[in-house]
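Given next are the chains, with one letter for each unit.
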Amino acid sequence: VQLQASGGGLVQAGGSLRLSCAASGRTFSSNNMGWFRQAPGKEREFVAAITWRGGTTNYADSVKGRFTISRDNAKNTVYLQMNSLKPEDTAVYYCAAAPAAWTIAYETARYDYWGQGTLVTVSS
């Protein structure tokens, strides 16, 4: 699976962005998908994930109620809708694919494939 993330940019606090992650390969619908982020000087952290059929989602506490993950298996794409953005959301956002499972994986080591990252900058 090859992943291509897009949709990052500069936005003011309180604004919105939608990230997309397009996957190549026939196995997209067999993968759980996740979004992670890495701010300067910090470790990569879990943001959100969705199971392969889209039936289960989960979010980091820091983004609950503001971010929404979704997927369109017909388009081989996973999305991250980000609303009410805060300066602390500034980071490079990565999409990642993990083997299909009924439960969400939070650890980076559980994800086999990674996109190149897209930068989100939130100004105050």
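Remember, predicted model here, so these are calculated numbers, not experimental data.

## Some thoughts on the packing of aromatic side chains
- In the structure shown here, the tally under the stated rule is six aromatic pairs.
- Here F36 and Y111 contribute two aromatic rings whose centre-to-centre distance is 5.0 Å and whose plane-to-plane angle is 80°, an arrangement assigned as edge-to-face. Residue F36 is located in strand β4 (residues 31–38), and its partner Y111 is located in the loop between β9 (91–99) and β10 (113–114); the two are separated by 75 residues in the primary sequence. Like F36, the residue Y111 is buried in the burial classification.

## Here we look at the pattern of salt bridges
- Taken as a whole and judged by the stated rule, the model has five salt bridges.
- Ionic pairing is found between D89 and R37, a salt bridge with its closest N-O pair at 2.9 Å. Separated by 52 residues along the polypeptide, D89 in the loop between β8 (77–82) and β9 and R37 in strand β4 bring together distant segments of the chain.
- The exposure class of D89 is buried, given its relative accessible area of 1%.
- Here E107 and R110 are joined by a salt bridge, their closest N and O atoms 3.6 Å apart.
- Among the residues examined, E107 registers a relative accessible area of 43% and is labelled partly exposed.
- Each of the salt bridges in this network shares a partner with another, and the network as a whole consists of R37, E45, R66 and D89.

What counts and what doesn't
- Residues numbered from 1 in each chain as written.
- Predicted model: local features only at pLDDT ≥ 70, side-chain atom pairs only at ≥ 80, totals over all residues.
- Heavy atoms only, no water.
- Phe/Tyr/Trp six-rings, centres within 6.5 Å; stacked < 30°, edge-to-face > 60°.
- Helix = DSSP H or I, 4+ residues; strand = E, 2+ residues; numbered from the N terminus.
- Buried < 20%, exposed > 50% of the residue type's maximum accessible area, 1.4 Å probe, protein only.
- Salt bridge = Lys/Arg side-chain N within 4 Å of Asp/Glu carboxyl O.

In short, geometric facts, not functional conclusions.
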